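Structural overview for review
Single-letter residue listing:
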Amino acid sequence: MFRVLARREFQIRAPQTALTWLTSFNLARSAHSLPFATIEVEEVSGSQPAEVYNLVQGKWTGSSKWNTLVDPLNGEPFIKIAEVDENEIQPFVESLSKCPKHGLHNPFKSPERYLLYGDISAKAAHMLSLPKVYDFFTRLIQRVAPKSYQQALGEVQVTQKFLANFSGDQVRFLARSFAVPGNHLGQQSHGFRWPYGPVAIITPFNFPLEIPVLQLMGALYMGNKPVLKVDSKVSIVMEQMMRLLHYCGLPVEDIDFINSDGKTMNKLLMEANPQMTLFTGSSRVADKLATDLKGRIKLEDAGFDWKVLGPDVQEEDYVAWVCDQDAYACSGQKCSAQSILFMHENWSSTSLLSKMKDLAERRKLGDLTIGPVLTFTTEAMLDHMNKLLQISGSKLLFGGEALKNHSIPSIYGAIKPTAIYVPLEEIVKDNNYELVTREIFGPFQIVTEYKQDQLPMVLNALERMHAHLTAAVVSNDPLFLQEVIGNTVNGTTYAGLRARTTGAPQNHWFGPAGDPRGAGIGTPEAIKLVWSCHREIIYDIGPLEKHWEIPAST
Ligand SMILES: N[C@@H](CCC=O)C(=O)O
């Protein structure tokens with residue numbers, strides 16, 4: 001089957017009418033495979049490695065160098081990526097340079113493309129709602145970014161709903177303009193949403209489908225031409241999704257898709273000079289790119305995300321369960337994951353911590369409710385834990401051990417869901433603060449307690465953090481909520497008894513606040529902010545007053 005499918009590798013389907021589109025899909029379904037896909041998820045293996053290609057100027061291409069990825073669950077080399085090297089970027093540079101700054105469409109140019117994108121989104125949303133298709137993407141995500149079926153499916157569902165949201169006329173509504181009457185007859189100012197033209201998108205490994213699709217479509221809706229680079233560890237998911245989008249009518253030259261290392265991508269950005277780059281990933285790379293690209297960048301970088309439990313103790317089981325999901329689902333590898341929990345002293349006399357421990361201990365490798373950590377080794381995480389345990393008064397609450405009986409390769413990490421208690425007075429000390437608030441992209445959290453009169457100390461700890469992505473204030477006490485929300489800045493903050501830090505669907509703005517470079521994802525506001533700029537056209541057509549005369553110089 002794989003070989004038969006592989007022969008279709010270089011085919012790109014021409015856009016089809018709705019009728020032929022549905023008919024051919026039904027036919028293909030009866031042939032027991034997906035019409036756009038070039039792989040069978042379960043067949044990707046050491047003996048039948050899958051191949052991931054690049055797309056440039058409308059053509060799928062290989063490269064002179066193939067990078068081999070190992071299966072994160074058993075170390076078998078299972079995916080070959082055509083990674084473009086520094087000498088091969090020219091076609092990508094040319095492709096991006098062909099797009100003018102006024103974009104592929106704007107309110108004055110090719111407005112029918114807003115409708116085209118409404119159509120593509122409707123078809124892609126329909127495709128992702130079909131059990132065979134969502135199951136395909138869910139399982140493919142699981143192969144490269146191991147997480148439970150439910151967590152991987154969540155990503156596909158968010159993507160499906162997002163596409164459904166921008167069906168029909170909703171893409172053109174994103175480019176809605178407004179007008180203000182002028183000072184005299186014939187004058188009117190109009191504000192338009194204008195594209196940037198050539199743009200770049202760089203996305204991480206942890207949400208192989210959700211982050212790239214939402215950003216990519218946002219960029220396209222507003223009239224930009226993007227080059228997309230997804231972390232090679234998971235880029236197979238987007239490669240297949242691009243094929244689905246082509247199948248749904250996406251013009252093949254509208255997006256370039258590149259696999260490369262960071263150095264090559266940097267060179268491409270410097271040479272192709274995109275007008276805007278959206279980067280989702282680590283703060284270190286974000287800061288370097290901000291300098292290299294002279295600020296023409298928007299970021300969704302790190303998040304040492306916090307949760308504060310207020311004085312009103314209620315629904316202990318629920319709160320414990322949300323803590324467990326927030327800290328450990330996807331093995332803690334969400335930019336929104338709960339990294340620190342501040343418990344009001346009233347919670348200390350409850351069994352919250354022992355409930356969190358029981359829930360953490362239910363997680364198992366078998367169903368990927370705990371799994372490989374792709375950016376930290378086991379040693380690095382345990383090392384960090386040991387450093388924290390040297391802080392006076394700190395202790396291990398649960399976890400703190402390597403996973404056993406598995407074949408996760410040693411380049412990746414594998415530890416039990418872990419929680420370390422560190423006293424608040426120690427956290428805020430200058431010599432501890434940086435260590436305690438270091439983001440570990442894995443199943444790892446800090447827990448601390450504060451007394452009724454120590455809320456200012458908690459707020460001070462939150463103020464000193466350098467990235468402000470998600471947060472949760474778990475309380476139904478309006479005065480407490482007011483105090484904490486009013487003194488903090490996180491871009492996506494959940495407030496109330498059911499507050500969480502993770503699981504933002506497409507209808508919540510998701511992004512950091514407190515940084516002018518901060519990007520958003522998901523909502524119409526996020527798309528407009530990230531992917532378009534304001535352009536004002538002031539019409540001033542006259543007529544002049546009947547007896548107008550040249551006035552004195554001013
Ligand atoms: N929806 C995901 C985040 C996606 C990132 O941009 C979450 O809430 O963790």
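Quick notes on the rules
- Residues numbered from 1 in each chain as written.
- Predicted model: local features only at pLDDT ≥ 70, side-chain atom pairs only at ≥ 80, totals over all residues.
- Heavy atoms only, no water.
- Patch = residues over 30% accessible without salt bridge, like charges linked within 9 Å, V, L, I, M, F, W, Y side chains within 5 Å.
- Areas by Shrake-Rupley, 256 points an atom, 1.4 Å probe, with all protein chains shown as cover.
- Salt bridge = Lys/Arg side-chain N within 4 Å of Asp/Glu carboxyl O.
- Helix = DSSP H or I, 4+ residues; strand = E, 2+ residues; numbered from the N terminus.
- Buried < 20%, exposed > 50% of the residue type's maximum accessible area, 1.4 Å probe, protein only.
- 1 Å grid on protein atoms, 1.4 Å probe; cavity = no way out; pocket = protein on both sides within 12 Å on 5 of 7 lines; lining within 4 Å.
- Points joined across faces, edges and corners; volume = space filled by probe spheres on them.
- Nonpolar A, V, L, I, M, F, W, Y, C, P; charged D, E, K, R; others polar.

**Overview of a nonpolar patch on the surface**
Residues Phe 108, Tyr 539 and Ile 541 make up a contiguous nonpolar surface patch of about 340 Å² in total accessible area. Counting through the fold element by element, Phe 108 comes out in the loop between helix 3 (90-97) and helix 4 (112-129). For Phe 108, a relative accessible area of 49% translates into the label partly exposed.

**Considering the pattern of salt bridges**
Evaluation of the coordinates by the stated rule reveals 26 salt bridges. Across the salt bridge formed by Asp 254 and Arg 113, the nearest N and O atoms sit 2.9 Å from each other. On the criterion of sequence distance, the pair formed by Asp 254 in the loop between helix 9 (235-247) and strand 10 (256-257) and Arg 113 in helix 4 is long-range, its members being 141 residues apart. Note on accessibility: Asp 254 and Arg 113 belong to one class, buried. Across the pair Arg 139 and Asp 135 runs a salt bridge whose closest N-O atoms are separated by 2.7 Å. Note that Arg 139 and Asp 135 are positioned in helix 5 (residues 131-144) at a spacing of four residues, about one turn of the helix. Look at the salt bridges and you will find they share partners, linking Glu 42, Asp 135 and Arg 139 into a network.

**Quick word on the environment of Asn 386**
Counting through the fold element by element, Asn 386 comes out in helix 15 (residues 378-389). Asn 386 sits in the partly exposed class, given a relative accessible area of 39%. With 141 residues separating them along the chain, Asn 386 and Leu 245 place their C-alpha atoms 47 Å apart.

**Some remarks on the layout of surface pockets**
When its volume is computed, the largest pocket comes out at roughly 1,400 Å³. At the level of secondary structure, the elements contributing two or more residues to the lining of the largest pocket comprise strand 4 (65-70), strand 8 (198-203), helix 10 (262-272), strand 11 (276-280), helix 11 (283-292) and helix 17 (430-436). For the lining of the largest pocket, the residue count by class is 17 nonpolar, 15 polar and 14 charged. Lining the second largest pocket are 42 residues, with Gln 151, Gln 325, Lys 334, Thr 502 and Gly 503 sitting closest to its centre. The set of elements that each furnish at least two residues to the lining of the second largest pocket consists of helix 6 (149-165), helix 8 (210-221), helix 12 (316-328) and helix 14 (352-362). It is helix 6 that provides the largest number of residues to the lining of the second largest pocket, a total of seven residues.

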